[in-house]
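Here's the letter readout for the chains.
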Amino acid sequence: MRIGFTLPQIGALAHQAHEVGRFAKEAEALGADSLWVGDRILAPVEPTVGYGGGDGIPDTFRTVLDPFAVMAVAAAATERAGIGANVLQAPCYAPALLARSLTSIDLISQGRLLPGFGIGWSPEEYQAAGVPMKERGARLDETLDALEAWWSTDPVEFEGTHTRIPATYVGLKPARRPRPPVYLAGYAPAALRRAARRADGWLPVVRPGSEPFAPDSVNVPMAEVRRLASEAGRDPSELGLILRVYPTPETTLDEVVGTIRDAGRETDVAHCFVELMNVAHDVDHALEWVRKVLGTAR
């Protein structure tokens, strides 16, 4: 099992932005296989849609560092660990700007970028980004097309319904060819279909401590993704998955480690990462979590 961790980006950890590089370097030295960011644009005072089916937004989301800046710092501070995003709300970004940022991070890391995309759930975030939320699925599809063009051709030219990139020279391409592996998130039928057709892998989530680990929460949707991939003429065995282990503030270390071990035994997961924003109050505490998880889960 490859095991990664989130970078100090969200919540209390974001107040130690100057420590992102130190965390990344020390986590890698401890044996972390990957380092991750998320993407939150707003924490609305009166949300139209609450987080995770609730009524409000967690206080943690009031303090968020820019994901691209954090990935760039981590990429520069490390040599081996993958640099991942789970997930970027791709429809909120102009595809050319997204492509430029991700290509830069991939080059800084010498080909270690693991980009993951989703469509989000917050109407207020789409309003702030100036993007109609009802178009988010179509815009994600178009963004994937634009990224493919940016990463594979020169000059680059793209014409879509929502995006136009005039013919332009793009001399910098990702270090990993033909492109970084693209992962997609989401459990809705449309999200699973998109992952099956367009992605190199899917991004499931489990929440240890709230309930016992249920292998079918990963196995059943992944089987559907692979079935749909086969129908689309793709080799389903080529699709991977990276599991996000998302503890609550009450989750214990033993519950996190138990979930990682159960996932390794009872699913096809061979790569996971632990979300630290709810369990670590500062960077040293986060590194202690890294040390203990790696010391007991392997």
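Residues numbered from 1 in each chain as written. Predicted model: local features only at pLDDT ≥ 70, side-chain atom pairs only at ≥ 80, totals over all residues. Heavy atoms only, no water.

**Q** Pulling in residues and values, what's your account of the overall build of the protein chain?
**A** Helix and strand counts for the protein chain stand at nine helices and twelve strands. Computed over C-alpha atoms, the radius of gyration of the protein chain comes to 18 Å, within 12% of the 19 Å expected from 2.2 N^0.38 for 298 residues, which places it in the range of a compact globule. In terms of principal-axis extent, the alpha carbons of the protein chain reach across some 50 × 45 × 40 Å. Scored against the burial criterion, the 298 residues of the protein chain give a buried share of 52%. Look at the contacts in the protein chain between residues 6 or more apart in sequence, and 73% of them connect residues 24 or more apart. Of the roughly 13,100 Å² of accessible surface on the protein chain, a fraction of 50% belongs to carbon and sulfur atoms. (Helix = DSSP H or I, 4+ residues; strand = E, 2+ residues; numbered from the N terminus. Rg over C-alpha atoms; globule rule 2.2 N^0.38 Å. Buried < 20%, exposed > 50% of the residue type's maximum accessible area, 1.4 Å probe, protein only. Contact = heavy atoms within 4.5 Å. Areas by Shrake-Rupley, 256 points an atom, 1.4 Å probe, with all protein chains shown as cover.)

**Q** An account of the packing of helix H3 (residues 95-108) against helix H5 (residues 136-152) is needed here, citing residue identities and associated values.
**A** Between H3 and H5, the shortest axis-to-axis distance is 9 Å and the interhelical angle comes to 50°. In this view, H3 runs oblique relative to H5, as classed from their interaxial angle. Seen along the crossing, H3 lies across H5 with a hand that is right-handed. In contact with Pro95, Ala96, Leu98, Ala99, Arg100, Leu102 and Thr103 of H3, H5 contributes Thr143, Ala146, Leu147, Trp150 and Trp151. Here the residues of the contact of H3 with H5 sort into nine nonpolar, two polar and one charged. (Axes fitted to C-alpha atoms, helices over the stretch in contact; angles between N-to-C directions. Parallel < 35°, antiparallel > 145°, perpendicular 65-115°, else oblique. Left-handed = near helix turned anticlockwise from the far one by under 90°. Nonpolar A, V, L, I, M, F, W, Y, C, P; charged D, E, K, R; others polar.)

**Q** If you had to explain the nonpolar core to someone new, which residues and values would you point to?
**A** If you look at the biggest cluster of nonpolar residues, it comprises 74 residues, and the most contacted ones within it are Phe23, Phe117 and Leu276. Among the elements that take part in this core, helix H9 (residues 283-297) stands out by supplying eight residues, more than any other. When neighbours within four sequence positions are excluded, Phe117 is seen to be in contact with Val87, Leu88, Ala90, Leu98, Leu102, Leu140, Leu144, Leu147, Val182, Tyr183, Leu184 and Ala185. (Core = buried A, V, L, I, M, F, W, Y, C linked by side-chain atoms within 4.5 Å.)

**Q** Tell me about the packing of aromatic side chains, and please be specific about residues and values.
**A** Tallied over the full model, the rule gives five aromatic pairs. Geometrically, the ring pair formed by Tyr51 and Phe61 is edge-to-face, given 5.0 Å between the ring centres and 85° between the ring planes. Of the two residues, Tyr51 is situated in the loop between strand S2 (34-37) and helix H2 (67-77) and Phe61 in the loop between S2 and H2; the sequence distance between them amounts to ten residues. In this structure Phe61 comes out as buried when scored by relative accessible area, which is 5%. An aromatic cluster is built from Tyr51, Phe61 and Trp121, whose rings are joined through pairwise contacts. When the ring centre of Phe61 is taken as reference, the NZ or CZ atom of Arg40 above it lies at 5.6 Å. The ring of Tyr246 is capped by Arg244, whose NZ or CZ atom sits 4.2 Å from the centre of that ring. (Phe/Tyr/Trp six-rings, centres within 6.5 Å; stacked < 30°, edge-to-face > 60°. Lys NZ or Arg CZ within 6 Å of the ring centre and 35° of its normal.)

**Q** Describe H2, and please don't skip the residues or the numbers.
**A** For H2, the full list of buried residues reads Pro67, Phe68, Val70, Met71, Ala74 and Ala75. Buried residues of H2, viewed axially, fall in a sector of 160°; they line one side. Looking at the buried side of H2, the elements it contacts are helix H1 (20-30), S2, strand S3 (82-89), H3 and strand S4 (113-118). For H2, the side-chain oxygen to backbone nitrogen distance between the N-cap and Phe68 is 3.1 Å, and the N-cap itself is Asp66. (Arc of directions from axis to C-beta. Polar contact = N/O pair within 3.5 Å; in protein donor to acceptor, adjacent residues only side chain to side chain.)

**Q** Give me the pattern of salt bridges: which residues, what numbers.
**A** Scanning the entire structure with this criterion turns up 21 salt bridges. As a salt-bridge pair, Arg179 and Asp200 come within 2.7 Å of each other at their nearest N and O atoms. Of this pair, Arg179 sits in the loop between strand S6 (164-168) and strand S7 (183-185) while Asp200 sits in the loop between helix H6 (189-198) and strand S8 (201-203); the two residues are 21 residues apart in sequence, bridging distant segments of the chain. For the salt bridge of Glu275 with Arg244, the shortest nitrogen-to-oxygen distance reads 3.2 Å. Within this pair, whereas Glu275 is found in the loop between strand S12 (271-274) and H9, its partner Arg244 is found in strand S11 (residues 243-245), the two being separated by 31 residues in sequence. There is no split in this pair, since Glu275 and Arg244 are both buried. (Salt bridge = Lys/Arg side-chain N within 4 Å of Asp/Glu carboxyl O.)

**Q** How would you summarise the sheet that holds S3 if you had to cite specific residues and measurements?
**A** Sheet architecture is open: ten strands sit in the order S9-S11-S12-S1-S2-S3-S4-S7-S8-S10, paired in parallel fashion. Looking at which strands have only one partner, the edges of the open sheet turn out to be strand S9 (205-206) and strand S10 (240-241). The pairing of strand S1 (residues 2-6) with S2 spans three bridges and is classified as parallel. For Gly4, the partnering residue across the bridge sits in S2 and is Ser34. Where H5 meets the sheet, its contacts fall on S4 and S7, and the angle it forms with S4 comes to roughly 155°. (Pairing = 2+ DSSP bridges.)

**Q** Give a detailed account of the environment of Tyr183, specifying residues and quantitative values.
**A** When you line up the elements, Tyr183 lands in strand S7. Separated by 68 residues in the primary sequence, Tyr183 and Thr251 place their C-alpha atoms 27 Å from one another.

All quantities given are derived from atomic positions and should not be read as evidence of function.
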